[in-house]
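In case you want the letters, here they are:
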Amino acid sequence: MVADPQAARRRALVKGVLHHEVIEAASLTEIYPTAEEAEPDVLAMSADFLAEPELEGVIRLADMIGATAFLYVDEGNAPLRSPFLSRLRLVSMRPRDRIDDLLSGLAGSPAGKALIQGEARLPDLVLIGASTGGIAAIETVLMSFPADCPPTLIVQHIRDGFVPGLVQRLNQRCRPRVVEAAHDLPLRRGTVCIASDANRHLTVSGPTSPRCVLVATAPCQGHRPAVDPLFDSALAWGDRVSAALLTGMGTDGAQGLAALRRAGAHTIAQDRGTSVVWGMPGAAVAAGATETVLPIDRIGPALLAGRAWSRNARTGGPGG
């Protein structure tokens, strides 16, 4: 449950959260009937409530239903002095943070970890391929990722020399760290690697020694780097992968995505309505490569939600 008197901030915190259920409350008095019925695992409250005496009753209610209660405050703002601060954890909230980021701030709390991961564990690796119209699509996806997202590898068909500017732009707008992929670069949580070498394909090593591997094999369907080699290289990761094929001309990535699906990965294609060109994702749908077909604003959360999204909201059709 997220309780906050500021509606815009409350809605920003819960926007796009798919892999666990979130309940909202605008005041402390709204918490009581809903919390008693729903029995939330975690109760996140704005530090604005520190001045309200009703907070004492809410703390008791959280104890009664076994919920982990904590407060959040905008980064750089000092909360009111209050005796409640000795009884509730306080988490600093940065611009663009969502509830997942606040839960990460619980620093190892079992309840926080449980809600971050949801019923289905987060993927160990995220793969994304795109071409025409892909820069804006990739930005939309990455803006939904938390700062500690799974290692993410991206192939975007782009002119040689343009990747550094793309990396700079994404670093300014997104919470994860975005870098140009380099040979033998270890894969880390919170890091997004974008293929940039026009003479080599970006691939990934096996899950026992996860790192970027650049290979100088022939162009694939006229592209180097191409999406198919990246997808094919991750087959050994099996169901530990979430992969998406976004807007783009041609068919690059469709066969690789199909192979990933057969290996157990969670596979997604962008829908026709939000694609600039429905070539690559359309080819993936035609090849039976996708579990879900989604508009671009729902792909980022679905990549992280993995199987939980696949079970609950599968579209099953080429039109999304």
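Keep in mind it's a predicted model, so treat the numbers as computed, not measured.

Definitions and cut-offs
- Residues numbered from 1 in each chain as written.
- Predicted model: local features only at pLDDT ≥ 70, side-chain atom pairs only at ≥ 80, totals over all residues.
- Heavy atoms only, no water.
- Buried < 20%, exposed > 50% of the residue type's maximum accessible area, 1.4 Å probe, protein only.
- Helix = DSSP H or I, 4+ residues; strand = E, 2+ residues; numbered from the N terminus.
- Contact = heavy atoms within 4.5 Å.
- pLDDT = per-residue confidence, 0-100.
- Core = buried A, V, L, I, M, F, W, Y, C linked by side-chain atoms within 4.5 Å.

Focus: helix 9 (residues 254-262)
Buried residues of helix 9: Ala254, Gly256, Leu257, Ala258, Ala259 and Leu260, and no others. Contact partners of the buried residues in helix 9: strand 6 (125-130), helix 8 (227-233), strand 12 (241-245), strand 13 (266-270) and helix 10 (280-286). At the C-terminal side of helix 9, glycine 264 shows a positive phi close to 105 degrees.

Regarding the confidence of the model for the protein chain
The predicted model of the protein chain has a mean per-residue pLDDT of 85, with 87% of residues at 70 or higher. Ignoring residues within four places in sequence, the model shows residues 107-120, a span with pLDDT below 50, making 24 contacts including any to other chains. Every residue in residues 308-320 scores below 50 in pLDDT, and together they form 25 contacts with partners more than four places removed in sequence or on other chains.

Things to note about the nonpolar core
In this structure, Leu125, Leu127, Leu153, Leu202, Phe231, Ala234 and Val241 are the most contacted members of the largest nonpolar core, which totals 30 residues. For this core, the secondary structure elements donating two or more residues are strand 6, strand 7 (152-156), strand 10 (201-204), strand 11 (212-215), helix 8, strand 12, helix 9 and helix 10. With four residues, helix 9 is the largest single contributor of residues to this core. Contacts of leucine 153, omitting those with residues within four sequence positions, involve Leu125, Val126, Leu127, Ile128, Leu187, Cys193, Leu202, Thr203, Val204, Cys212 and Leu230. One finds Leu142, Leu166, Cys174 and Leu294 within the second-largest nonpolar core, a separate group that totals 28 residues.

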